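# Residue-level structure breakdown
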Amino acid sequence: MPLTLDQLNSASLADAAQMLEGLYEHSPWIAQQALAQRPFASLAALKHAMVSVLAAASVDQQLALIRAHPELAGKAMEARTLTAESTVEQNKAGLTNCTPEELAHIRQLNADYLARFGFPFILAVRGPRGNGLSKREIIATFERRLDNPVDFERGESLRNIHRIAEIRLNDKFGFEPTLGNEVWDWHEALAQHSDPGYKEHGQLTVTYLTDAHRACAADLQRQMADCGFDEVGVDTVGNVVGRFHGTTPDAPTLLTGSHFDTVRNGGKYDGRLGIFVPMACVQQLHAAGKRLPFAVEVVGFAEEEGQRYKATFLGSGALTGDFNPIWLDQQDTNGVTMRTAMLRAGLPATLEAINALKRDPAKYLGFVEVHIEQGPVLNELDIPLGVVTSINASVRYLGEVVGMACHAGTTPMDRRRDAAAAVAELALYAEQRAAADGDSVATIGMLQVPNGSINVVPGRCTFSLDLRAPSDEQRNALEHDVLKQLQAICERRGVRDTLEETMRAAAAPSAPAWQARWESAVASLGVPLHRMPSGAGHDAMKLHEVMPQAMLFVRGLNSGISHNPLESTTSDDIDLCVRAFSHLLEQLASEHTH
């Protein structure tokens, strides 16, 4: 029989420790110390208690735990001396059935890893869905992590150990994250659609109104209908819109959603998580025959990334009345205008039809968005959810510095007007200035010397500049200092610059009442509350212009990497996110019935 939390909470310390035996390899002290925090309100609370114990442990204790784990497909497996839990996990991953070549490669990786780090490679081989990684995925992860810095890799090992313990704990308690599994599977299914040139290589790229984009929209429509939405359709800019009616025709509406387009060779969760999570909640409401005292409108925004056309936030901007007519005449790399792409997709491509999408804020309660974090903070803290306090203000520039191209061998160092060195100096200053300013970031992501040669001092250098901060005032101060420094650098080096501002976005602080609802939802799950700004831009920034908004972040794996095929999250974390969203809906329903 599976364990229950009531049994664990009421048992003696010795009996409770026995119940949790085997969670951490040959290291019962972690569960034993965590039991001091009883009673646990949820499995998530118990998991975090164990995370806290290990975080507070010494480095020597952490290393001892890591070294207590067997090598993957190592001697312990061959000698059949693995713990029962490790045997099951390595069996599920197919590691007990390696070819001689695979076994030889894994043995070499184990040797290289141990020589570099001094401890065995740890990987939760049952994976983010709990049903096992393939040998190919395991070997690719092994090879990639060999390049990590030593301290970072120790942390990554501990995070994988906690994931192993989480899955083992689920097994003990007979818990299956069924909601998370279903939403995780939805992401996998939608990721089958990808633009030509990428799909052939197993890469995910979905840009505005391509065949893959339209296939995604069709799938989303079908799924929304299957979930029980009352109205489902595609609007005049390609957004997929589903409405679940409230108890009365004149009920206000909660707006939610995110985007389903991707960057080139991107990840499966960016944007899409914010569509699927509320869809799962509506599916639950429909299955229970339950209505809320407000309608729920879920929008899969057609364009947020601005990859095919320079029209970032096109989908959400259309709902706020912020569609730029110039966009219709923009051309993609194949010379296809947006107007033509719309017409090919069966959309009217008229300003009258697009402007008609503008929502009346008076009819809406507000906008909430769920999103994968796209950063390392939650991953490093090892907690599943984060409440967003504000979406950072940002400004972007494209720039050029012009000096004098000259011979690299004959021009003395004090006679040079090196354009690239000037931009490099700016990059270092921007890095230092942002680092000294809490939560600010500065990036020169593009730095090119047009027609450069190995033996020529650069006479021209083009670059990008991206500055972000939690408030407009903080961003403005950062911007002022960086641009002032650019002028000083150019004057001192005898070069000149030109700058073009390409984007400016105001900060979007979360509405206090909506942030509080997310906080209450997270607390109800027994998950620790962590508040954080969003460094990335989101559709919520656009809706913020016309109605209150607040966001919830979900932890990402692989150090929270995003805009990358390694972007991932677990079905357990998704399950908690769906439950948090359902709790938010319940809070709203309670508020509107009293």
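Summary of the structure given here. (Residues numbered from 1 in each chain as written. Predicted model: local features only at pLDDT ≥ 70, side-chain atom pairs only at ≥ 80, totals over all residues. Heavy atoms only, no water.)

### Considering the overall build of the protein chain
Within the protein chain, the regular secondary structure consists of 22 helices and 16 strands. On C-alpha atoms alone, the protein chain measures out to a radius of gyration of 26 Å, which is about the 25 Å that the 2.2 N^0.38 rule sets for 594 residues. Scored against the burial criterion, the 594 residues of the protein chain give a buried share of 55%. Taking contacts inside the protein chain between residues at least 6 apart in sequence as the whole, the part at least 24 apart equals 77%. Surface exposure of the protein chain reaches about 25200 Å², of which carbon and sulfur atoms provide 52%. Across the protein chain, the centroid of the 53 positively charged side chains sits 2 Å from that of the 73 negatively charged ones. (Helix = DSSP H or I, 4+ residues; strand = E, 2+ residues; numbered from the N terminus. Rg over C-alpha atoms; globule rule 2.2 N^0.38 Å. Buried < 20%, exposed > 50% of the residue type's maximum accessible area, 1.4 Å probe, protein only. Contact = heavy atoms within 4.5 Å. Areas by Shrake-Rupley, 256 points an atom, 1.4 Å probe, with all protein chains shown as cover. Lys, Arg positive; Asp, Glu negative; His and termini not counted. Charge placed at Lys NZ, Arg CZ, Asp CG, Glu CD.)

### Some remarks on unusual backbone geometry
Along the chain, R38 connects to P39 via a cis peptide bond; the corresponding omega equals 0°. Relative to the elements of secondary structure, P39 occurs in the loop between α3 (29-34) and α4 (43-56). The backbone of N265 sits at a positive phi, close to 55°, despite the residue not being glycine. One non-glycine residue, N558, adopts positive backbone phi at about 55°. Since its relative accessible area comes to 23%, N558 is described here as partly exposed.

### Examining the pattern of salt bridges
A full pass over the atoms with the stated rule returns 34 salt bridges. Its salt-bridge partner being R168, residue E25 comes within 3.1 Å of it at the nearest N-O pair. Taken together, the residues span a long stretch of sequence, with E25 in the loop between α2 (13-19) and α3 and R168 in helix α10 (residues 150-173) at a distance of 143 residues. Accessibility classification places E25 together with R168 in one group, the buried group. (Salt bridge = Lys/Arg side-chain N within 4 Å of Asp/Glu carboxyl O.)

### With respect to empty space enclosed by the protein
All chains considered together, the criterion is met by two cavities of 30 Å³ or more. Within this model, the second largest cavity holds a volume of roughly 30 Å³. As for the second largest cavity, its lining consists of H259, D261, T262, V263, G266, G267, D270, E305, H563 and E567. Here the lining of the second largest cavity is composed, by residue class, of one nonpolar, five polar and four charged. (1 Å grid on protein atoms, 1.4 Å probe; cavity = no way out; pocket = protein on both sides within 12 Å on 5 of 7 lines; lining within 4 Å. Points joined across faces, edges and corners; volume = space filled by probe spheres on them. Nonpolar A, V, L, I, M, F, W, Y, C, P; charged D, E, K, R; others polar.)

### As for the pairing of strand β2 (residues 240-244)
When you tally the buried positions in β2, you get four out of five residues, the bulk of the element. Sheet analysis places strand β1 (residues 231-234) next to β2, joined by four bridges and oriented antiparallel. Of the residues in β2, the one forming a bridge with G233 is V241. What sits between the antiparallel neighbours β1 and β2 is a turn of five residues, in which G238 has the positive phi angle 100°. Where β2 meets strand β4 (residues 295-301), five bridges bridge the pair, whose relative direction is antiparallel. Counted as the bridge partner of V240 is G300 from β4. (Pairing = 2+ DSSP bridges.)

### Regarding the nonpolar core
M338, M342 and W518 are the most contacted members of the largest nonpolar core, which has 79 residues in total. Here this core gets ten residues from one element, more than from any other, and that element is helix α22 (residues 571-592). Residues A34, L43, L146 and L158 belong to the second largest nonpolar core, which totals 49 residues. (Core = buried A, V, L, I, M, F, W, Y, C linked by side-chain atoms within 4.5 Å.)

### Considering the state of the cysteines
Throughout the structure, instances matching the rule amount to zero disulfides. No disulfide involves C227; its sulfur sits 10 Å from that of C281, the nearest cysteine. By relative accessible area, which is 2% here, C227 ends up buried. (Disulfide = S-S within 2.5 Å.)

### Observations concerning the pairing of strand β5 (residues 364-372)
Counting buried positions along β5 gives nine out of nine residues, so the element sits mostly inside the fold. Here strand β3 (residues 253-259) runs beside β5; their pairing, made up of four bridges, is parallel. For T253, the partnering residue across the bridge sits in β5 and is Y364. Pairing analysis gives six bridges linking β5 to strand β16 (residues 549-554), with the strands arranged parallel. Residue pairing in the sheet places E369 in a bridge with M551 of β16.

### Topic: the packing of aromatic side chains
Scanning all chains against the criterion turns up ten aromatic pairs. Measuring from ring centre to ring centre gives 3.8 Å for F121 and F142, while their planes differ by 10°; the resulting arrangement is stacked. A residue pair is termed long-range when its members are at least 10 positions apart, and F121 in the loop between α8 (100-117) and α9 (135-145) and F142 in helix α9 qualify at 21 residues. A relative accessible area of 1% means that F121 is categorised as buried. Both rings, one in F323 and one in W327, keep their centres 5.2 Å apart while their planes meet at 85°; by these two values the pair is edge-to-face. Per residue, the accessibility class of F323 equals that of W327, and both read buried. Aromatic ring contacts, followed pair by pair, group Y113, F117, F119, F121 and F142 into a single cluster. When the ring centre of W514 is taken as origin, the NZ or CZ atom of R517, which lies over that ring, is 4.3 Å away. (Phe/Tyr/Trp six-rings, centres within 6.5 Å; stacked < 30°, edge-to-face > 60°. Lys NZ or Arg CZ within 6 Å of the ring centre and 35° of its normal.)

### Quick look at the environment of A14
Examined against the element boundaries, A14 turns out to sit in helix α2. Look at A14 and you get exposed, because its relative accessible area is 58%. Put simply, A14 and E352 are 338 residues apart on the chain and 72 Å apart in space, counted from C-alpha to C-alpha.

### Points about the packing of helix α11 (residues 178-190) against helix α13 (residues 273-287)
Two elements in contact, α11 and α13, have axes separated by 10 Å at closest approach and are oriented at 130°. Relative to α13, the element α11 lies oblique. As for how α11 packs across α13, the hand of that crossing is right-handed. Seen from α11, the contacting residues are L179, E182, V183, W186, H187 and L190; seen from α13, they are L273, F276, M279, A280, Q283 and Q284. For the contact of α11 with α13, a count of residues per class yields eight nonpolar, three polar and one charged. (Axes fitted to C-alpha atoms, helices over the stretch in contact; angles between N-to-C directions. Parallel < 35°, antiparallel > 145°, perpendicular 65-115°, else oblique. Left-handed = near helix turned anticlockwise from the far one by under 90°.)

### What about helix α19 (residues 472-493)?
Between the first and last C-alpha of α19 there are 31 Å, a value that for 22 residues agrees with the 32 Å anticipated at 1.5 Å per step. Within α19 the residues assigned to the buried category are R475, L478, E479, V482, L486, I489 and C490. Within α19, the buried residues cover an arc of 100° as seen down the axis, which keeps them to one side. Opposite its buried face, α19 presents the exposed residues E473, K484, E491 and R492, each directed more than 90 degrees away. Of the surrounding elements, those touching the buried residues of α19 are β7 (393-402), α18 (419-435), β9 (441-443), β12 (460-469) and β13 (496-505). Where α19 ends, the next residue or the one after it, G494, has phi of about 70°, a positive value. (Expected span 1.5 Å × (residues − 1). Arc of directions from axis to C-beta.)

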